[in-house]
Structures are given as C-alpha cells and as structure tokens.
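This is what each chain is made of:
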Amino acid sequence: MKKKIVVLALVSVLYILFFPVFFHNVLYKQYTINIHTAGEKCPESGGTEVWINRILADGQETDLSAYALADGWEYNGRIFSSGSSECTLTLKLHAVKKIEIEFVTHPYSGIVQIQSRDKKIDTVNLYSDTESYVIKDFIID
C-alpha cells in the first residue's frame, strides 16, 4: 500500500510540473516573426518610424513590455523604432490559431518588412496622413 501511495504521489508531482510545459510548448506552437526596418519611407512621409501598438495571440493581447527588444527598438507604452538605421525585431510567440500585430500609421511612419515562419517577406508602407492602425494577420497552420 505504501508503494502505491509513493508511486501515485510521484506521478502527481510529475504531472503538475510537466503538464504546463507540455501544454504551452506542444499544444501552442511557437511562431517567429521578424520585423525589419531599413530607414525606408515613401516620398510623402516625414520620417521612418515604426510603432507596434498591440500584439494579439489567439485574440488575447500580449504584454508588449515582456518582449526582448533588439538594438534600435524600445518600449514606451508601445514598441518603437525610429527606423533611421537598419534593425530587426524578432518576436517569438505561442498561439494555436492566429497572431495579429497592430502597427500605428501616421505622417512620420516608414516602410517595414515583415518575415513570417514561411520565409515570405511582406513589405508594408505605414505612412498615413492621419494616425490610424493597420493589422497584419498570421494564421497558424
């Protein structure tokens, strides 16, 4: 009887310790997105800024301050790059269905290149004569 209790306790402890890791890393797929600035802008733009307003994983807003930021990127309530020099932000996210990145568009926004897991590069001009938002969706397969 004592052996059964010890085995049951050991199995319970292993379950408690490893289930969250299994659930997070196996059921939720890691998805890597690279956001690259190269100081490019359209002729109408007054700058090359890139602002990320929100990142959602499966509809849930993530904490922008928790991301590791590369040189040339900073957090100030939003993720920001002046875009004046070439820099790449690598985001590693866990999701099951969809990731959404909401960029700010305004008169000082530049051009950004976004590379997802499939290696496809999408070039997005973030310039707008008024502040607005553009959302880039990534469907997890």
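Residues numbered from 1 in each chain as written. Predicted model: local features only at pLDDT ≥ 70, side-chain atom pairs only at ≥ 80, totals over all residues. Heavy atoms only, no water.

Engineer: Just checking my understanding: could you explain the packing of aromatic side chains for this structure?
Structural biologist: Both the distance between ring centres and the angle between the ring planes are used here to describe each pair of aromatic rings. Within the structure shown, the criterion is met by 2 aromatic pairs. Centroid distance Y31 to F138: 6.2 Å. Interplanar angle 50 degrees. Geometry classified as tilted. Taken as a pair, Y31 in strand 1 (residues 29–37) and F138 in strand 10 (residues 132–139) lie far apart in primary sequence, 107 residues in all. When the centroid spacing of 4.3 Å and the interplanar angle of 45 degrees are considered together, the rings of W51 and F80 count as tilted. Remark: F80 occurs in strand 5 (residues 79–81) and W51 occurs in strand 2 (residues 50–57); sequence separation between them is 29 residues. Classification of W51 as buried rests on a relative accessible area of 18%. (Phe/Tyr/Trp six-rings, centres within 6.5 Å; stacked < 30°, edge-to-face > 60°. Helix = DSSP H or I, 4+ residues; strand = E, 2+ residues; numbered from the N terminus. Buried < 20%, exposed > 50% of the residue type's maximum accessible area, 1.4 Å probe, protein only.)

Engineer: Sorry if this is basic, but what is going on with the pattern of salt bridges here?
Structural biologist: Oppositely charged side chains can form a pair if their charged atoms are brought close together. For the structure on display, the rule yields 5 salt bridges. Between K98 and D137 there is a salt bridge, and its shortest N-O distance comes to 4.0 Å. Linking K98 in strand 7 (residues 98–105) with D137 in strand 10, this pair joins segments that are 39 residues apart in sequence. Taking the relative accessible area as the measure of exposure, K98 reaches 28% and is therefore partly exposed. A salt bridge links K136 to D122, with the shortest nitrogen-to-oxygen separation between them at 2.4 Å. Within this pair, whereas K136 is found in strand 10, its partner D122 is found in strand 9 (residues 121–125), the two being separated by 14 residues in sequence. Judged by its relative accessible area of 24%, D122 falls in the partly exposed class. Through salt bridges with shared partners, a single network forms among R54, E61 and E102. (Salt bridge = Lys/Arg side-chain N within 4 Å of Asp/Glu carboxyl O.)

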